[in-house]
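Here is what each chain is made of, one letter per residue.
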Amino acid sequence: MSGNLIIKNASELVTCSAFAAKRGRAMSNLGIIADGAVVIEQGRISRVGPTAEVMTDLEASGGDLSLFETIDASGKAVLPGFVDSHTHLVFGGDRAEEYAWRLKGDSYMDILQRGGGILSTVAATRSASFQELTDAGLKRLDSMLSFGVTTVEGKSGYGLDRATEIKQLEVMADLNRLHPLDVVPTFMGAHAVPPEYKGREDDYIDFLLKEVVPEVAGRQLAEFCDVFCEKNVFSVEQSRRLLTGAAQSGLKPKLHADEIVRLGGAELGAEIGAVSADHLLNASDEGLRAMATAGVVATLLPATAFSLREPYARGRFMIDAGCAVALATDFNPGSCFSESVPLVAALAALYMNLSPEEIVTALTINGAAALDRAQMIGSIDPGKQGDVVILENPSYRFIPYHLGVSTVEKVIKRGTLVFNKLDQGE
Ligand code: NIG
Ligand code: FE
């Protein structure tokens, strides 16, 4: 029966057990069970423990084993599905040419200032059909799934007008229906200043609050509101006004904070109680400490720093200061055209000095917390959704160690096998 699954004999069952973000030192605790088993019934995790105990209990309680698929995970580590909590996965066109310009020395922000960058993807997304965006989105989700991602956040923000912002969010709703991966939508109408509003940023924020946010919230097209709080994009004041206004309509706040310039985005995230503040390459000590106190998840995107050749966010400092750190890909056509979880893991290990344990926490329960879903996903705990990955290796330590190469052999979504590396190429 679909959704009923037993995974047993795992060399390491890495539970990441928790129902809220793990902060600071707690990020090192993975709740590992040696020779572990997990039982999923009707898509939900029902039992977790050492294999011998779980199997005895299941039989003693009258469980009919013939109703379950069984996977023997001998010699393999089993973890919660990864949560990629920051991506821009629905867009038209590509920016391969811009990448070549950047290699020659053009800066990301200069390209945006002269009407390229995000704005060139805006033009391509406005002219793309619903079907084209959906087809491209499905391929990207397939790739993400192969990396062990079972829940992904996706942002609008390549429309910057009412119709295209709504189109992007509707595409995400369709992707969520059509693909096994769960897609969590974020409204990011304030991703850049559209050409029509150049020099009138405040008017654009008014427009978003009056004309777009009510429809997005009313039709439940998004769960979060995000903003690019950055020099020459949206100021701290404009970001505050948008996020607090959108929160009144029920969209929970997130922000792109202190990515290129230290503007005070981390401080703003703490002040308004954002669910997460993301990037943080240039965040101040005070801003990061305020985030730790306020319980704002610090979402770090090392593949973006790598791709932009910028210094990495200070992940080590953040964890030592008591922050909850999440890691995500930031998959988008410009600053980081990569959906690779192993690349993110390797960069976090080598350039942010995160331990393998902290990296796993950042990709699972803390990613879930960055999407306000720590009660539902992100760990292998009874009651949670049955989203699980099985590695081809005996330990989670292989995730950052196998540089840029996926260690994921199987992906299970709500108790059903949805990806198997061993079937590929048949
Ligand atoms: O997270 N900084 C703004 N937004 C994205 C990049 C989007 C793009 O370049 O298309 C980011 O880096
Ligand atoms: Fe981003």
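Shown above is the structure to which this text applies.
Rules used throughout
Residues numbered from 1 in each chain as written. Chains lettered and ligands numbered in written order. Predicted model: local features only at pLDDT ≥ 70, side-chain atom pairs only at ≥ 80, totals over all residues. Heavy atoms only, no water. Helix = DSSP H or I, 4+ residues; strand = E, 2+ residues; numbered from the N terminus. Rg over C-alpha atoms; globule rule 2.2 N^0.38 Å. Buried < 20%, exposed > 50% of the residue type's maximum accessible area, 1.4 Å probe, protein only. Contact = heavy atoms within 4.5 Å. Areas by Shrake-Rupley, 256 points an atom, 1.4 Å probe, with all protein chains shown as cover. Lys, Arg positive; Asp, Glu negative; His and termini not counted. Charge placed at Lys NZ, Arg CZ, Asp CG, Glu CD. Phe/Tyr/Trp six-rings, centres within 6.5 Å; stacked < 30°, edge-to-face > 60°. Lys NZ or Arg CZ within 6 Å of the ring centre and 35° of its normal. Salt bridge = Lys/Arg side-chain N within 4 Å of Asp/Glu carboxyl O. 1 Å grid on protein atoms, 1.4 Å probe; cavity = no way out; pocket = protein on both sides within 12 Å on 5 of 7 lines; lining within 4 Å. Points joined across faces, edges and corners; volume = space filled by probe spheres on them. Nonpolar A, V, L, I, M, F, W, Y, C, P; charged D, E, K, R; others polar. Near = heavy atom within 4 Å. Polar contact = N/O pair within 3.5 Å; in protein donor to acceptor, adjacent residues only side chain to side chain. Sits in = over half its atoms within 2 Å of the grid points. Pairing = 2+ DSSP bridges. Right-handed = clockwise from strand over helix to strand, strands pointing away. Axes fitted to C-alpha atoms, helices over the stretch in contact; angles between N-to-C directions.

Student: I'd like to hear about the overall build of the protein, residue by residue, with values.
Tutor: Check the secondary structure of the protein and you find 16 helices and 16 strands. On C-alpha atoms alone, the protein measures out to a radius of gyration of 21 Å, which is about the 22 Å that the 2.2 N^0.38 rule sets for 426 residues. Counting the 426 residues in the protein, one finds 60% classified as buried. Partitioning the contacts of the protein with sequence separation of at least 6, the portion at a separation of at least 24 is 72%. About 15700 Å² of surface is accessible on the protein, with carbon and sulfur atoms providing 51% of the total. The average position of the 39 basic charges and that of the 55 acidic charges among the side chains of the protein differ by 3 Å.

Student: Run through the packing of aromatic side chains, naming residues and quoting values.
Tutor: Applying the stated criterion to the full structure yields 9 aromatic pairs. A centroid spacing of 5.9 Å and a plane angle of 25 degrees characterise the contact between Tyr-204 and Phe-207, whose relative ring orientation is stacked. You can see Tyr-204 and its partner Phe-207 sitting in helix 7 (residues 201-218), 3 residues apart, about one turn around the helix. On the numbers, 5.5 Å between centres and 70 degrees between planes, the contact of Phe-398 with Tyr-401 is edge-to-face. Placement of the pair is Phe-398 and Tyr-401 together in helix 16 (residues 398-401), with a separation of 3 residues, close to one helical turn. Aromatic ring contacts, followed pair by pair, group Phe-91, Tyr-158, Phe-331 and Phe-337 into a single cluster. A cation over a ring is seen here: Arg-140 above Phe-91, with NZ or CZ 3.7 Å from the ring centre. When the ring centre of Phe-317 is taken as reference, the NZ or CZ atom of Arg-314 above it lies at 4.7 Å.

Student: Please provide a residue-by-residue account of the pattern of salt bridges, values included.
Tutor: Considering all chains together, one arrives at 27 salt bridges under this definition. For Asp-174, the salt bridge is made with Arg-177, and the minimal N-O distance between the two is 2.4 Å. A residue pair is termed a helical-turn pair when its members lie 3 or 4 positions apart in one helix, as Asp-174 and Arg-177 do in helix 6 (residues 162-178) at 3 residues. Residue Lys-413 pairs with Asp-182 through a salt bridge whose shortest N-O separation is 2.9 Å. Pair noted here: Lys-413 is in strand 15 (residues 408-413) and Asp-182 is in strand 8 (residues 182-190), with a separation of 231 residues, a long-range link. Each member of the pair, Lys-413 as well as Asp-182, is classed as buried.

Student: Would you mind going over empty space enclosed by the protein in detail, with residue names and values included?
Tutor: Taken as a whole and assessed by the stated rule, the structure comprises 4 cavities of 30 Å³ or more. In this model, the largest cavity occupies a volume close to 80 Å³. As for the largest cavity, its lining consists of 14 residues, of which His-88, Tyr-108, His-191, Asn-332 and Ser-335 are closest to the centre. Looking at the lining of the largest cavity residue by residue, the class counts come to 4 nonpolar, 7 polar and 3 charged.

Student: I'd love a proper account of the site of ligand 1, names of residues and values included.
Tutor: Near ligand 1 there are 15 residues, and of these Arg-95, Tyr-108, Tyr-158, His-279 and Ser-335 occur at the shortest range. The side chain of His-256 places a nitrogen or oxygen atom 3.0 Å from an oxygen atom of ligand 1. The fraction of the free accessible surface of ligand 1 (330 Å²) that becomes covered by protein chains is 100%. One can see that ligand 1 is located within the largest cavity.

Student: Give a description of the pairing of strand 8 that names residues and reports values.
Tutor: Along a regular strand, successive side chains alternate from one face of the sheet to the other. Of all 9 residues making up strand 8, 9 are buried, and the element is well covered by its neighbours. By the bridge criterion, 5 bridges tie strand 7 (residues 149-155) to strand 8 in an arrangement that is parallel. Looking across to strand 8, one finds that Lys-155 is bridged to Thr-186. Sheet topology places strand 8 next to strand 9 (residues 224-229); 3 bridges connect them, and they run parallel. Paired with Ala-190 across the strands is Val-227, a residue of strand 9. For the crossover from strand 8 across helix 7 to strand 9, the handedness is right-handed.

Student: Requested: an account of the sheet that holds strand 13 (residues 325-327), with residues and values cited.
Tutor: Taken together, the 8 strands give an open sheet; going across it, the order is 6-7-8-9-10-11-12-13, and neighbouring strands pair in parallel fashion. Unpaired on one side and paired on the other, strand 6 (82-84) and strand 13 mark the two borders of the sheet. Strand-to-strand twist of the sheet, defined as the mean angle between neighbouring strand axes without regard to direction, takes the value 25 degrees. Seen against the sheet, helix 14 (residues 356-363) touches strand 6 and strand 13 and runs at an angle of roughly 80 degrees to strand 13.

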